[in-house]
Amino acid sequence: MLHVEFIKAFEDNYIWLIKNNNNECVIVDPGSSIPVIEYLKNRNLTLKKILITHHHQDHIGGVKELQEIFRDIELIAPYNINLPNVTSHVSDGDVISIFNHTFEVMELPGHTKEHIGFFGDKKLFCGDVLFSGGCGRVFTKKYDDMFESLLKIKSLPGDTLIFCAHEYTENNLKFALHTEPKNHNLVQYNQVVSDMRTKNIPTIPVKLSNEKKVNPFLRCDILSKNDLENLSEFDFFIKLRKQKDLF
Ligand SMILES: [Zn+2]
């Protein structure tokens, strides 16, 4: 299994760092270069690759400076992203390697048009598509895209670890509990998360199998059945996402 660490950036971003035994590393979504440079220096790590999930500034903001400092690093990004100096543009089904482990590129549009995730070694780096207890905002307004992207993630093996890019869990669970106050797994998980956050422990990564029990956006099939409006799973998802926007 690959070893993953996190670098904190801004208020609540996680820049994921994958490391091998030779002090080489790959990072995902460096929104800022400053914490990355400091982290690498302190640990004597060499940066080999940068992976990008989507174009938002808090995911790409550090790329230019890192490329200037660390020469010859590979920059892997969505095929339709507007970003200079990309060395590999990737799309759905493409395969990349991270230290001899194979990762598959998954197109996950909805939050943004070009959003992708990287799945391999029982890990998914999914940027801002799925969060623990929630999901990303649908900036594209293409709810069908986002719904399909979440179903795609949901179909991965239950033991997949979700490495999302933000520590939003505690807040997301407030809305989740509002939606499903009698979900015992959710009540329990909320207690665990609240304890972890009090101690400033990251709640990420999370197991997909756990998310399926607590995350309302992965439970639209179940929740729509109890909804008074008799909505389809997809229409229920739209309603839920719009409610969350205003929560
Ligand atoms: Zn984003």
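Residues numbered from 1 in each chain as written. Predicted model: local features only at pLDDT ≥ 70, side-chain atom pairs only at ≥ 80, totals over all residues. Heavy atoms only, no water.

**Some points on the overall build of the protein**
Across its full length, the protein carries nine helices and 14 strands. In summary, the protein has a C-alpha radius of gyration of 18 Å against a globular reference of 18 Å for 247 residues, a match within 12%. Its C-alpha atoms give the protein principal-axis dimensions of roughly 60 × 40 × 30 Å. By residue count, 53% of the 247 residues in the protein fall in the buried class. Of all intrachain contacts in the protein linking residues separated by at least 6 positions in sequence, the fraction that spans at least 24 positions is 58%. Split by element, the accessible area of the protein, about 11800 Å² in all, is 48% carbon and sulfur. Side chains of the protein give 29 positive and 33 negative charges; the mean places of these two sets differ by 4 Å. (Helix = DSSP H or I, 4+ residues; strand = E, 2+ residues; numbered from the N terminus. Rg over C-alpha atoms; globule rule 2.2 N^0.38 Å. Buried < 20%, exposed > 50% of the residue type's maximum accessible area, 1.4 Å probe, protein only. Contact = heavy atoms within 4.5 Å. Areas by Shrake-Rupley, 256 points an atom, 1.4 Å probe, with all protein chains shown as cover. Lys, Arg positive; Asp, Glu negative; His and termini not counted. Charge placed at Lys NZ, Arg CZ, Asp CG, Glu CD.)

**A word on the UniProt feature "binding site: Zn(2+) 2" (unreviewed entry) in the protein**
As recorded in UniProt, the sites labelled "binding site: Zn(2+) 2" (unreviewed entry) are D58, H59, D128 and H166. A stretch of 109 residues holds the annotated residues, and the largest C-alpha distance among them is 10.6 Å, short enough that they meet in one place. With respect to the element layout, H59 can be found in helix α2 (residues 57-60). Those residues in contact with H59 that sit more than four places away from it in its chain are N13, D29, P30, G31, I52, T53, H54, G127, D128, A165 and H166. Following the sequence through the fold, D128 ends up in the loop between β10 (123-127) and β11 (130-131). (UniProt positions renumbered as here; feature names shortened; annotations may be inferred.)

**Let's talk about the UniProt feature "binding site: Zn(2+) 1" (unreviewed entry) in the protein**
As annotated in UniProt, the feature "binding site: Zn(2+) 1" (unreviewed entry) corresponds to H54, H56, H111 and D128 in the numbering used here. Spatially, the listed residues are clustered: although they cover 75 residues, their C-alpha atoms lie within 10.0 Å of one another. Tracing the chain through its elements places H56 in the loop between β4 (46-51) and α2. Setting aside residues no more than four positions away along its own chain, H56 makes contact with H111, T112, D128 and F139. At a separation of 3.2 Å, a polar atom in the side chain of H56 contacts the side chain of H54. By relative accessible area, D128 is classed as buried at 4%. In contact with D128, not counting residues within four places along its chain, are H54, H56, H59, H111, H115, G136, M146, A165 and H166. Looking at D128, its side chain comes within polar contact range of the side chain of H59, at 2.9 Å. (Polar contact = N/O pair within 3.5 Å; in protein donor to acceptor, adjacent residues only side chain to side chain.)

**Considering the coordination of the zinc ion**
Octahedral six-donor coordination of a metal ideally yields angles of 90 or 180 degrees, compared with 109.5 degrees for tetrahedral four-donor coordination. Note on the zinc ion: its protein donors are H54 (NE2), H56 (ND1), H111 (NE2) and D128 (OD). The metal-donor distances range over 2.2 Å. Angles of 92 to 164° at the metal separate the four donor atoms of the zinc ion, which places the site in the irregular class. All donors of the zinc ion come from a single chain, and their spacing in sequence reads H-x1-H-x54-H-x16-D. Note on H56: relative accessible area 19%, which makes it buried. (Donors = N, O, S within 2.8 Å, 3.2 Å for Na, K, Ca; no water. Tetrahedral: all angles 85-135°; square planar, octahedral: opposite > 155°, others 65-115°.)

**Observations regarding the sheet that holds strand β8 (residues 101-107)**
As a general point, the strands of a sheet are linked pairwise by backbone hydrogen bonds and lie either parallel or antiparallel. If you walk across this open sheet you meet the six strands as β7-β8-β9-β10-β13-β14, and the pairing is mixed. Looking at the sheet topology across the chains shown, the edges are occupied by β7 (95-98) and β14 (206-207). Inspection of the sheet shows β10 paired to strand β13 (residues 161-164) by four bridges, in the parallel sense. Opposite K123, over in β13, you have L161 as the bridge partner. Against the sheet, helix α4 (residues 143-154) touches β8, β10 and β13, its axis set at about 155° to β8. (Pairing = 2+ DSSP bridges. Axes fitted to C-alpha atoms, helices over the stretch in contact; angles between N-to-C directions.)

**What about helix α9 (residues 233-246)?**
Its 14 residues place the ends of α9 20 Å apart at the C-alpha level, agreeing with the 20 Å of an ideal helix rising 1.5 Å per residue. Among the residues of α9, those classed as buried are F236, F237, I238, L240, R241 and K244. Where α9 is buried, its residues touch β12 (134-135), α4, α5 (169-179) and α8 (220-223). (Expected span 1.5 Å × (residues − 1).)

**Things to note about the pattern of salt bridges**
Oppositely charged side chains may form a pair once their charged atoms are brought near each other. Enumeration over the complete set of coordinates arrives at 14 salt bridges. E24 is the salt-bridge partner of K48, the closest N and O atoms lying 3.9 Å from each other. Of the two residues, K48 is situated in strand β4 and E24 in strand β3 (residues 24-28); the sequence distance between them amounts to 24 residues. For E24, a relative accessible area of 23% gives the class partly exposed. In this structure, E180 and R219 form a salt bridge, with 2.8 Å as the shortest nitrogen-oxygen distance. Of this pair, E180 sits in the loop between α5 and α6 (184-198) while R219 is found in the loop between α7 (208-214) and α8, placing the two residues 39 residues apart along the sequence. You can call E180 buried: its relative accessible area is 11%. Sharing partners across several salt bridges, the network here consists of R137, R241 and D245. (Salt bridge = Lys/Arg side-chain N within 4 Å of Asp/Glu carboxyl O.)

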